[in-house]
Amino acid sequence: MKSPKLLLFLLFLSTQVTAESTLNSAASADYEYLQSLYFHLHSNPELSFQEKNTATRIATELRKAGFEVTERVGGYGVVGILKNGEGPTLMLRTDLDALPVKEKTGLDYASKIQAVDDKGVTVHTMHACGHDIHMTVFTGTARRLAALRDKWSGTLVMIGEPAEERGTGARAMLADGLYTRFPLPDFAMGLHANAALPAGQIGYVEGYALANVDMVDITLQGIGGHGAYPHTTKDPIVLAAQIINSLQTLVSREIPPLDPAVVTVGSIHGGTKHNIIPDEVHMQLTVRSYTDENREALLAGIKRITNAQAIVMGFPEDKLPLIKVRDEFTPALYNDLALTSRVTAVLKKQLGEERVVRVKPVMGGEDFSEYGRTEHKVPGFFFWLGAVDPKTHKDAMDSGEKLPSLHSAYFAPLPR
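In what follows, the accompanying structure is described. (Residues numbered from 1 in each chain as written. Predicted model: local features only at pLDDT ≥ 70, side-chain atom pairs only at ≥ 80, totals over all residues. Heavy atoms only, no water.)

Right, let's get into the environment of V157. Inspection of the secondary structure puts V157 in strand 6 (residues 154–161). Residues V157 and I81, spaced 76 residues apart in sequence, show a C-alpha to C-alpha distance of 4.8 Å. In this structure V157 touches V79, G80, I81, T89, L90, M91, L92 and P183, once residues within four positions along its chain are discounted. (Helix = DSSP H or I, 4+ residues; strand = E, 2+ residues; numbered from the N terminus. Contact = heavy atoms within 4.5 Å.)

See the structure below:
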């Protein structure tokens, strides 16, 4: 049985490897086409749940490469199937959506697109998370593997996932029959641009690589009144202050010290004037962890502390806080140890040890994790693709200057 030389091609498309090989030569010959596609995708981003044109373009590329394509899977999701004899089934995933960010890179092909978001607000739109890179690598991989069918055998399932930035795309595709309507993968793989690694390097993590991500909305219900007569009120702003301070004990005193966890209050709004105690305060939290046990402990602790502080301050029962954990939950991403070892060994052999580096886990979220959390327990591997101009990266390392991060208006990956 032949095995797909998939990762080698993925890397050739986005690094500056110069070793002579048939695959490298073919990738180089395809570069002009793929660069044009990248510029198009970068200049024409679409928000989550609005990826109609992007999905159509990716579906078109897969069909041109010889895949059997199904569209509108879990929204604007795309599934391409290429059967090539006996062998394992490998699923490769790209995300499709962009972010509500106004691009400030100054690039000739910078996005000038505006769109109306789900709240009816007109926003600027940008591929500030590198999904345009992912789609270009994905397309090049599809084209080359289709052309090299005599070098491998098995089944390729290539999926374009919508609404990754909202943490719901993978779940929606699975709910729409990704693992029942289409071949069930033996392995699932994906990649993500990395704004801290130079182009030409691959970063990987064994085991937990990205975090559980929850978003929590809290409404504090007070009894408003005049700021000069606080004794006649129940002040939700003071309650908010008490809650914020108390929430920090969840990580410092209730989660094991060696387990990563984050509870951040990212937004707090209340009041309209200096001398008015408001009736309500609204808080928005992001909650991060790795294990399911720690996730449950943090969410339960937020509810317990929030309600307890209100009771301690004498808020009446009908004014206790309203706490909502949003549905846009992203589970922690775990890289299968055996698959990670197998793939990184190939990468190191082909690219050299210095180009394939172990990096630290992060507390960001990535719903690629969903594909391994069904009853089928599909092993997954998700790795980082260096995206920074090597000279820019070296200069920043030498000077201590911070590079623009993912989601930054200034994130400008090296497209060659």
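For the rest of this paragraph, the subject is the sheet that holds strand 8 (residues 202–204). The eight strands lie next to each other as 1-2-6-3-7-18-8-17, forming an open sheet whose pairing is mixed. The open sheet has two free edges, formed respectively by strand 1 (68–73) and strand 17 (356–358), since each of these has just one partner strand. Here the average twist between neighbouring strands, direction ignored, is 25°. Its contacts with the sheet put helix 4 (residues 131–147) on strand 2 (77–84), strand 3 (89–95), strand 6, strand 7 (187–198) and strand 18 (380–388), and the angle it makes with strand 3 is roughly 145°. Where helix 9 (residues 390–399) meets the sheet, its contacts fall on strand 7 and strand 18, and the angle it forms with strand 7 comes to roughly 55°. (Pairing = 2+ DSSP bridges. Axes fitted to C-alpha atoms, helices over the stretch in contact; angles between N-to-C directions.)

For the structure on display, the rule yields eight aromatic pairs. Taken together, a centroid distance of 6.0 Å and an interplanar angle of 55° make the contact between Y38 and F39 tilted. Relative to F382, the ring of F368 has its centre 5.2 Å away and its plane inclined at 35°; by these criteria the two rings are tilted. Highlighted residues: F368 in the loop between strand 17 and strand 18 and F382 in strand 18, separated in sequence by 14 residues. Judged by its relative accessible area of 4%, F368 is buried. Classification of F382 as buried rests on a relative accessible area of 3%. Grouped by ring-pair contacts, the aromatic residues Y38, F39 and Y109 constitute a single cluster. Taking NZ or CZ as reference, R143 lies 3.9 Å from the ring centre of Y33, over its face. Here the basic side chain of R295 rests over the ring of F329, its NZ or CZ set 3.5 Å away from the ring centre. (Phe/Tyr/Trp six-rings, centres within 6.5 Å; stacked < 30°, edge-to-face > 60°. Buried < 20%, exposed > 50% of the residue type's maximum accessible area, 1.4 Å probe, protein only. Lys NZ or Arg CZ within 6 Å of the ring centre and 35° of its normal.)

Time to look at a nonpolar patch on the surface. Residues Y208, Y334 and L337 make up a contiguous nonpolar surface patch of about 290 Å² in total accessible area. Counting through the fold element by element, L337 comes out in helix 8 (residues 337–351). Judged by relative accessible area, which is 46%, L337 ranks as partly exposed. (Patch = residues over 30% accessible without salt bridge, like charges linked within 9 Å, V, L, I, M, F, W, Y side chains within 5 Å. Areas by Shrake-Rupley, 256 points an atom, 1.4 Å probe, with all protein chains shown as cover. Salt bridge = Lys/Arg side-chain N within 4 Å of Asp/Glu carboxyl O.)

Once that is clear, we can look at the nonpolar core. Counting residues in hydrophobic clusters, the biggest one holds 43 residues, and the most contacted among them are L62, F67, I133, L156, M158 and F381. Broken down by element, this core gets its largest block of residues, seven residues, from helix 4. Not counting chain neighbours up to four residues away, the residues in contact with L62 comprise F67, V69, V78, G80, F138, A142 and M158. Counting residues in hydrophobic clusters, the runner-up holds 23 residues, among them V73, M91, I159 and A170. (Core = buried A, V, L, I, M, F, W, Y, C linked by side-chain atoms within 4.5 Å.)

None of this, on its own, says anything about what the molecule does.
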